[in-house]
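# Coordinate analysis (summary)
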Amino acid sequence: DTGVSQDPRHKITKRGQNVTFRCDPISEHNRLYWYRQTLGQGPEFLTYFQNEAQLEKSRLLSDRFSAERPKGSFSTLEIQRTEQGDSAMYLCASSPKTETYEQYFGPGTRLTVT
Amino acid sequence: RKEVEQDPGPFNVPEGATVAFNCTYSNSASQSFFWYRQDCRKEPKLLMSVYSSGNEDGRFTAQLNRASQYISLLIRDSKLSDSATYLCVLSMDTGRRALTFGSGTRLQVQP
């Protein structure tokens, strides 16, 4: 399967714990995005990488959130001191270095904070 | 005011019906427009891009009215497999090209 992959698919954690999610984009896609989706809402943009550079972060991304893409390939999203309000689906998408705006989404990581 | 507004539905229609979804957006600087489809508990997938001249892909027709800041999607001859949430999406013509999503309109096609 050469699509975007995400790991884990589901994560249940207790409030206050740290969690880390991984995204593997489509090979050679240089743009990578993280979105968050809560029930009944569309995905909301969190952050964007072009190669290894994190070029933009949404105001939704509090100081407890950090994302990296160290070698311009896979990316990680870490949430420290999780809160119940962090419960959501975290979606990763990638896009090639062309004029296209099309983004290819991974299956998402569903986080439940208890 | 939300950047992208959609009627959440649900739209319950019989097989074979024609159904139309509308969407309005608030930022006139928006440059690119799309409809994405999202099945329950799955990731969004691009259904089609939307152009000012209107475009058609099989049973699906999309239309953009920049003056009214309005986008539409028409589905003809609805199939059971069309049941999903349809997300209205836009992007600014900036380097990052991040997508801004509406909350989606749920469609349920019934036999």
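Refer to the structure printed above.
Now for a look at the structure at hand. Bear in mind that the values here come from a model prediction, so they are computed numbers and not experimental data. (Residues numbered from 1 in each chain as written. Chains lettered and ligands numbered in written order. Predicted model: local features only at pLDDT ≥ 70, side-chain atom pairs only at ≥ 80, totals over all residues. Heavy atoms only, no water.)

Moving on to the nonpolar core. Considering soluble globular proteins, one finds that nonpolar side chains tend to be buried as a cluster. If you look at the biggest cluster of nonpolar residues, it comprises 24 residues, and the most contacted ones within it are B:Phe21, B:Trp35, B:Ile71, B:Leu73, B:Ile75, B:Tyr86 and B:Leu107. If you list the elements that add at least two residues to this core, you get strand 3 (19-25), strand 4 (30-38), strand 5 (44-50), strand 7 (60-65), strand 8 (70-75), strand 9 (84-92) and strand 11 (105-110) of chain B. For this core, the element with the most residues is strand 9 of chain B, which contributes five residues. Discounting residues that sit within four places of it in the chain, B:Ile75 has contacts with B:Ala17, B:Thr18, B:Val19, B:Phe21, B:Arg59, B:Phe60, B:Asp82, B:Tyr86 and B:Leu107. In this structure, A:Val4, A:Ile26, A:Phe49 and A:Tyr90 belong to the second largest nonpolar core, which totals 19 residues. (Core = buried A, V, L, I, M, F, W, Y, C linked by side-chain atoms within 4.5 Å. Buried < 20%, exposed > 50% of the residue type's maximum accessible area, 1.4 Å probe, protein only. Helix = DSSP H or I, 4+ residues; strand = E, 2+ residues; numbered from the N terminus. Contact = heavy atoms within 4.5 Å.)

A word on the interface of chain A and chain B. Of the residues lining the interface, 22 residues belong to chain A; the matching set on chain B comes to 21 residues. For the chain A face of the interface with chain B, the top three residues by lost area are A:Pro43, A:Tyr101 and A:Phe105, together amounting to 35%. Summed over the shared surface of chain A and chain B, the result is zero salt bridges. Inspection of the region where chain A meets chain B yields four residue pairs in polar contact (both at pLDDT 80 or more). Only strand 4 (31-37) and strand 5 (44-50) of chain A provide two or more residues apiece to the side of chain A that touches chain B. (Buried area = accessible area lost by both parts, 1.4 Å probe. Salt bridge = Lys/Arg side-chain N within 4 Å of Asp/Glu carboxyl O. Polar contact = N/O pair within 3.5 Å; in protein donor to acceptor, adjacent residues only side chain to side chain.)

For B:Glu43, the location among the structural elements is in the loop between strand 4 and strand 5. Buried charge B:Glu43 goes without a salt bridge, the closest partner of opposite sign being B:Lys45 at 4.2 Å. Among residues more than four places away in sequence, those in contact with B:Glu43 are A:Leu91, A:Phe105, A:Gly106, A:Pro107, B:Arg37 and B:Gln38. (Lys, Arg positive; Asp, Glu negative; His and termini not counted.)

Residue and element names in this part refer to chain B. In this structure, strand 4 lies alongside strand 5, joined through six bridges in antiparallel fashion. Among the inter-strand pairings, Phe 34 is bridged to a residue of strand 5, identified as Ser 49. What sits between strand 4 and strand 5 in their antiparallel hairpin is a turn of five residues, with Arg 41 showing a positive phi close to 60 degrees. (Pairing = 2+ DSSP bridges.)

To continue, consider the pairing of strand 8 (residues 75-79) of chain A. Residues and elements named next belong to chain A. Within strand 8, four of the five residues are buried, which leaves it mostly tucked inside the rest of the structure. One ladder, built from five bridges, connects strand 3 (residues 19-24) with strand 8; its direction is antiparallel. Within strand 8, the residue paired with Cys 23 across the bridge is Ser 75. In this sheet, strand 8 lies alongside strand 7 (residues 65-68) in antiparallel orientation, the contact comprising four bridges. Directly across from Ser 66, in strand 8, lies its bridge partner Glu 78.

Attention now moves to the packing of aromatic side chains. Inspection of every chain in the model, using the stated rule, returns 14 aromatic pairs over all chains. Plain terms: the ring middles of A:Phe21 and A:Tyr90 are 5.4 Å apart, the flat faces sit at 45 degrees to each other, and that makes the pair tilted. Of the two residues, A:Phe21 sits in strand 3 while A:Tyr90 sits in strand 9 (residues 88-95), which places them 69 residues apart along the sequence. By relative accessible area, which is 0% here, A:Phe21 ends up buried. Geometrically, the ring pair formed by A:Phe105 and B:Tyr36 is edge-to-face, given 6.0 Å between the ring centres and 85 degrees between the ring planes. Residue A:Phe105 is found in strand 10 (residues 104-105), and its partner B:Tyr36 is found in strand 4; the two belong to separate chains. With respect to class, A:Phe105 is no different from B:Tyr36; both count as buried. (Phe/Tyr/Trp six-rings, centres within 6.5 Å; stacked < 30°, edge-to-face > 60°.)

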